[in-house]
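# What the coordinates show
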Amino acid sequence: MTSPNVLTETARQKYFGGYQCTYEHWSNELKCKMNVAVYFPPSYSSSAEKFPVLYFLSGLTCTHENFTIKSGMQRIAAQHEMVVVSPDTSPRGSDHPKEHDDWDFGSGAGFYLDATNTPWSENYRMYSYVTQELLGAISENFNVSEEKRALSGHSMGGHGSLVIFLKNSHLFKCCTALAPISNPCKGLWGVKAFSNYFGEDKAVWAEWDATELAGKFKADTPANILVCQGDTDKFLEKELLTGNFVEVAKGNTCLNVEYRVREGYDHFYPYIATFLHEHFEYIAKFICLHEHFEYIAKFIC
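Notes on the structure follow. Bear in mind the structure is a predicted one, so any value in this text is a computation, not a measurement.

Time to look at the pairing of strand β5 (residues 83-87). Each regular strand shows side chains that alternate between the opposite faces of the sheet. Most of β5 sits out of view: five of its five residues are buried. Because side chains alternate across β5, one face comprises the buried residues V83, V85 and P87, and the other comprises V84 and S86, equally buried.

As a further point, take the pattern of salt bridges. One pass over the full model with this rule turns up twelve salt bridges. For K192, the salt bridge is made with D102, and the minimal N-O distance between the two is 3.0 Å. Of this pair, K192 sits in helix α5 (residues 188-198) while D102 sits in the loop between β5 and α3 (126-141); the two residues are 90 residues apart in sequence, bridging distant segments of the chain. Overall, K192 belongs to the partly exposed group, its relative accessible area being 28%. A salt bridge links E207 to K216; the nearest nitrogen and oxygen atoms lie 2.7 Å apart. We classify K216 as partly exposed; its relative accessible area is 47%. Taken together, the salt bridges that share partners define one network made up of E258, R260, R262 and E278.

Conventions we followed
Residues numbered from 1 in each chain as written. Predicted model: local features only at pLDDT ≥ 70, side-chain atom pairs only at ≥ 80, totals over all residues. Heavy atoms only, no water. Buried < 20%, exposed > 50% of the residue type's maximum accessible area, 1.4 Å probe, protein only. Helix = DSSP H or I, 4+ residues; strand = E, 2+ residues; numbered from the N terminus. Salt bridge = Lys/Arg side-chain N within 4 Å of Asp/Glu carboxyl O.

This is the structure:
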């Protein structure tokens with residue numbers, strides 16, 4: 001069986017002086033081949049320095065491509081000289097019963113968790129895929145720093161970024177989330193997913209709920225999180241419940257949470273593209289030790 005650390009490049013395109021690439025590799029956790037997108041900034045090919053790396057987790061129905069095509073992130077990543085990794089959102093090709101029936105569960109909706117309920121427990125292990133196989137494959141194959149990692153995501157991916165960060169704050173310097181599914185034990189999308197992936201044990205659910213994890217998070221040094229949310233997001237009240245997470249997290253002195261409400265913005269990519277630069281700027285404070293803005297002038301302006 002092929003090692004998850006063996007990456008095969010399948011696409012490469014020049015983007016703001018750097019390169020947007022796609023790689024394929026085998027996942028033992030997911031029992032399938034997975035695609036992952038990686039952006040390399042302009043200076044990557046000429047520098048021996050280990051680069052800061054951002055892992056961005058996408059939302060429901062997405063693949064590894066949505067964020068790279070729709071967000072315009074390459075311009076910002078080039079500015080900050082940051083490698084950006086965008087994985088897929090679920091296993092592919094397993095064809096469990098009902099896996100492809102609904103857009104908010106199964107294929108394209110892996111929820112970045114390790115399922116315990118059959119048949120999903122066989123290979124719906126996106127949490128272990130990201131935290132073990134993906135981090136390892138990127139570190140082994142590319143010139144990135146394990147000391148300068150950050151995590152971000154949108155919607156379901158925002159849920160993933162918060163949960164993974166709260167469970168593994170030692171692996172990342174900071175975390176951001178755009179319109180995250182924040183309290184899935186109570187939200188419509190989360191209840192549907194958790195009922196199928198975990199069964200009816202609510203104690204298990206709580207281990208994968210960012211609001212629940214925020215309440216009991218402990219650390220010697222406060223962990224840094226930025227959350228932003230559009231106030232006209234139609235999913236806010238029944239699916240996302242972002243305010244629940246913010247309220248609990250702000251009550252925990254071990255968490256340093258900044259919350260930004262975006263007036264008039266909804267849930268989708270125009271909102272992401274408008275405010276993504278602020279997330280990169282926030283992340284850069286923790287993982288980018290210097291900025292070479294000549295790359296903006298040379299490749300972007």
